[in-house]
Structure formats: C-alpha cells, structure tokens
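In case you want the letters, here they are:
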Amino acid sequence: MKKIRKAVIPVAGMGTRFLPASKAIPKEMLTIVDRPTIQYIVEEVVASGIEEVILITSEGKSAIENHFDYNYELDNVLMRQNKHQLREELARTSNLIEVVSVRQKKPLGLGHAIWMARHVIGDEPFLVLLGDDLVRSEKPCCRQMLDLYDQVGESIVAIQRVPMEQTSQYGIVEGEPTEFERTFKVSRMVEKPSLGMSYSDMAIIGRYLLMPEIFEILGNTTPGHGGEIQLTDALQALTNRRGMYAFEFTGKRYDAGDKLGYLKAIVDVALDHHALGEPFRQYLKAICSNDNCPL
Ligand code: UTP
C-alpha cells in the first residue's frame with residue numbers, strides 16, 4: 001500500500017456566498033479569531049503527518065500563497081524593533097509545510113480543480129481538503145481518515161449526518177455499514193439530489209482520500225450539475241471501478257465559506273482560545289444577563 005504524503009487544497013472558487021467581503025480578499029484569508037481560515041486547514045494537514053500541500057489557486061488568491069511564504073522585509077523590520085515573539089510566530093507559519101501552487105485558469109468546478117493537481121501528485125493516493133471547510137476534533141479529521149486507509153486500502157469520503165430536508169444542499173452517499181467503526185461501503189453518490197430523491201442523510205464534507213485513478217476519470221468527466229465538472233460524478237465512477245468507503249468522522253465541521261457557518265466557527269474557536277476564551281465568555285454572559293438580552 002502506498003504511503004500518503006500529499007494533500008490538495010482547492011481555493012480557486014469565486015466565493016460568491018461571501019460577497020462583498022470576498023471581492024478583493026480571498027474568503028480563505030478571512031480571520032477566525034487570530035488566524036485566517038486556510039491556516040487552520042493547513043495545520044490539520046501538518047498535524048496529520050502530511051509532507052506537502054498543493055494549493056489550487058486562481059487570479060486574486062496570491063494572498064494565500066504569500067501567507068505561507070517568508071517575508072524578508074517584514075522580518076527585518078520586526079528584528080530591528082526587537083519583536084522576537086512575532087518573528088517566531090511568522091516563521092512558524094512560513095515553515096509549517098512545503099507548499100506548491102498550481103493555477104486553475106477558469107473556475108470549471110471542483111472536479112476540474114483537483115484534476116489540475118495530476119502532475120504534482122503522480123501515481124500516489126492523496127488527500128483533498130476544501131479550503132473553506134473547517135473541522136475541529138481531538139484527533140485531526142485527516143489523521144482519522146489515514147488510520148482508516150491503513151485498514152481498508154481504498155478511497156474514503158468523510159461524511160456527516162444532516163437533516164433530510166437539507167440533503168439537497170450536499171453530495172449525498174448511500175451505502176451499507178461495514179465491520180469498521182463509523183464506516184460504510186458506498187453504493188451510490190448523488191450531487192445535490194432534489195428533495196425526496198435521496199433515502200440517505202449521509203452528506204459528503206470537504207475531506208477526501210483518493211486513489212490516483214481519479215485523475216484519469218476526471219479527465220473524461222463531462223460537466224454535470226451547474227455546468228461544472230463535478231467531483232461527485234467522478235467519485236461515483238471510482239466507486240464503480242474500485243470501491244469507496246464513507247467515514248463518519250468524529251468532530252465538528254463548519255462551512256466557513258458560508259456567512260453563518262463562519263460566525264459559528266468564530267464563536268467556538270474564540271470560546272476555546274487560551275487568552276481570549278475567558279473574557280469572551282464573560283462578555284457573552286454579560287449580554288445574556290442584561291434585561292435587553294438579545295437571545
Ligand atoms: P464552493 O462552491 O464551496 O466554493 O466550492 P466557491 O465556488 O468558492 O464559493 P461560492 O459557492 O461561490 O460561494 C468548494 C471548493 O472548491 C473550490 C473552492 O475554492 C472551494 O474550496 N473550487 C470550486 C475550485 O477550486 N475551483 C472551482 O472551479 C470551483
């Protein structure tokens with residue numbers, strides 16, 4: 001079984017749900033308490049033992065590449081000002097992991113974005129993390145998937161249960177339980193099924209572990225839902241060809257590319273923050289004890 005060393009993070013989408021904030025700033029660079037969203041995702045990759053990140057970027061997303069790069073001028077200024085702690089923090093970010101970036105010239109869909117990584121990945125299984133999907137868990141979600149891969153040796157999609165009336169907003173998986181905990185053998189996948197067209201509440205979230213055959217399949221996938229090259233269509237072909245597992249990961253997932261999901265992430269991260277958690281909790285309590293409590 002080949003070791004998994006690389007993770008693809010597509011960030012080339014338009015971010016229309018986050019307009020106007022995302023007009024000039026990539027939504028992945030919006031801050032959750034004290035770090036941009038994308039940093040939490042790269043930190044999950046690092047904590048899972050991965051060696052290299054491949055960012056799929058587009059025009060206007062260079063701030064993401066710069067964030068993980070070394071800034072010589074800034075470092076010099078901080079050194080002259082004796083701001084050593086800040087220098088260390090910035091050095092930690094730029095030394096997190098090896099980052100390679102590949103341009104997706106047109107937003108032709110998530111499937112197309114992943115296909116752009118084919119030359120950098122080669123013939124190895126790899127991880128995919130969506131650049132706006134945050135997962136908070138004791139054991140990193142990607143690590144949970146890598147541990148399952150050691151047992152099943154096949155592609156895996158991470159899933160979460162959603163209310164049936166929300167299934168039309170997700171890629172939905174149908175399948176049977178297996179001997180592995182929280183793990184299902186996938187029989188069918190549907191991208192955003194119309195209401196009443198799915199019998200499953202298992203929704204795909206932004207974490208995938210894929211066999212390299214996916215590239216050949218994506219290369220032959222025609223545009224689907226919304227005129228985009230859909231990853232879900234290619235995943236169904238990979239399921240038919242080799243098999244696929246769905247894994248109900250342990251942890252909490254936030255859609256940080258959506259305004260409400262982003263707000264929820266900020267509140268939960270802030271409450272757990274080593275320095276800000278307590279004063280923030282006191283602030284929320286004070287709001288709630290007020291006669292005009294908004295809750
Ligand atoms: P989304 O649909 O959630 O992101 O795509 P979006 O297109 O950026 O945002 P909205 O829907 O307009 O608000 C899921 C992931 O796939 C990437 C996005 O960057 C995001 O991480 N993506 C999507 C690409 O990299 N390229 C594409 O052509 C489409």
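For the structure itself, consult the block above.
Definitions and limits used
- Residues numbered from 1 in each chain as written.
- Predicted model: local features only at pLDDT ≥ 70, side-chain atom pairs only at ≥ 80, totals over all residues.
- Heavy atoms only, no water.
- Near = heavy atom within 4 Å.
- Polar contact = N/O pair within 3.5 Å; in protein donor to acceptor, adjacent residues only side chain to side chain.
- Areas by Shrake-Rupley, 256 points an atom, 1.4 Å probe, with all protein chains shown as cover.
- Nonpolar A, V, L, I, M, F, W, Y, C, P; charged D, E, K, R; others polar.
- Helix = DSSP H or I, 4+ residues; strand = E, 2+ residues; numbered from the N terminus.
- Contact = heavy atoms within 4.5 Å.
- Core = buried A, V, L, I, M, F, W, Y, C linked by side-chain atoms within 4.5 Å.
- Buried < 20%, exposed > 50% of the residue type's maximum accessible area, 1.4 Å probe, protein only.
- Pairing = 2+ DSSP bridges.
- Salt bridge = Lys/Arg side-chain N within 4 Å of Asp/Glu carboxyl O.
- Expected span 1.5 Å × (residues − 1).

1. Digging into the site of the ligand
Taken together, 19 residues lie around the ligand, and Gly 13, Thr 16, Arg 17, Gln 104 and Gly 109 are the ones closest in. One of the backbone nitrogen or oxygen atoms of Gly 15 is found 3.0 Å away from an oxygen atom of the ligand. The separation between an oxygen atom of the ligand and a polar main-chain atom of Leu 108 is 3.3 Å. Here the ligand has 560 Å² of accessible area as a free molecule, and 83% of this is covered by the chains. Split into classes, the residues belonging to the shell around the ligand amount to nine nonpolar, six polar and four charged.

2. Some thoughts on the side chain of Thr 167
Position of Thr 167 relative to the elements: it lies in the loop between β8 (155–161) and β9 (171–177). Here Met 164 takes part through its backbone oxygen, which lies 2.8 Å from a polar atom of the side chain of Thr 167. Discounting residues that sit within four places of it in the chain, Thr 167 has contacts with Val 162, Ile 172, Lys 192, Pro 193, Ser 200 and Asp 201.

3. A closer look at the nonpolar core
In this structure, Ile 9, Ile 38, Leu 127, Ile 156 and Leu 209 are the most contacted members of the largest nonpolar core, which totals 35 residues. Elements with a contribution of two residues or more to this core: β1 (6–10), α1 (37–47), β4 (52–57), β6 (126–129), α7 (141–152), β8, β11 (202–210) and β12 (244–248). Here the element with the most residues in this core is α7; it accounts for seven residues. Counting residues in hydrophobic clusters, the runner-up holds 33 residues, among them Val 8, Val 157, Val 173 and Ile 204.

4. Details of the pairing of β6
Residues Phe 126 and Val 128 point to one face of β6 and Leu 127 and Leu 129 to the other, with burial holding for every one of them. Across two bridges, the pairing between β1 and β6 is parallel. Bridge assignment links Val 8 to a residue of β6, and that residue is Val 128. Pairing geometry for β6 and β11, over four bridges, is antiparallel. Across the sheet, Leu 129 pairs through a bridge with Arg 207, a residue of β11.

5. Some details on the pattern of salt bridges
Any two side chains of opposite charge can pair, on the condition that their charged atoms come close. In the structure shown here, the tally under the stated rule is 27 salt bridges. With a shortest N-O distance of 3.0 Å, Arg 17 and Asp 255 are connected by a salt bridge. On the criterion of sequence distance, the pair formed by Arg 17 in the loop between β1 and β2 (31–32) and Asp 255 in strand β13 (residues 252–255) is long-range, its members being 238 residues apart. Classification of Arg 17 by relative accessible area gives partly exposed; the value is 43%. Of the charged contacts in the structure, one is a salt bridge between Arg 207 and Glu 44, with a shortest N-O distance of 2.8 Å. Remark: Glu 44 occurs in helix α1 and Arg 207 occurs in strand β11; sequence separation between them is 163 residues. Taking relative accessible area as the criterion, Arg 207 reaches 0% and is therefore assigned buried.

6. Structural notes on helix α10 (residues 259–271)
The end-to-end C-alpha separation of α10 is 19 Å, in line with the 18 Å expected for 13 residues at 1.5 Å each. Within the span of α10, buried status applies to Gly 261, Tyr 262, Ala 265, Asp 268, Val 269 and Ala 270. In this fold, the buried residues of α10 make contact with β2, α1, β7 (133–136), β13 and α11 (277–289).

7. Looking at the environment of Glu 88
Looking at the secondary structure, you find Glu 88 in helix α4 (residues 84–94). C-alpha of Glu 88 to C-alpha of Tyr 208: the two residues are 120 residues apart in sequence and 32 Å apart in space.

8. Focus: the side chain of His 112
As for its placement among the helices and strands, His 112 is situated in helix α5 (residues 110–115). Judged by its relative accessible area of 12%, His 112 falls in the buried class. Excluding its chain neighbours within four sequence positions, the residues that come into contact with His 112 are Gln 104, Lys 106 and Ile 229.

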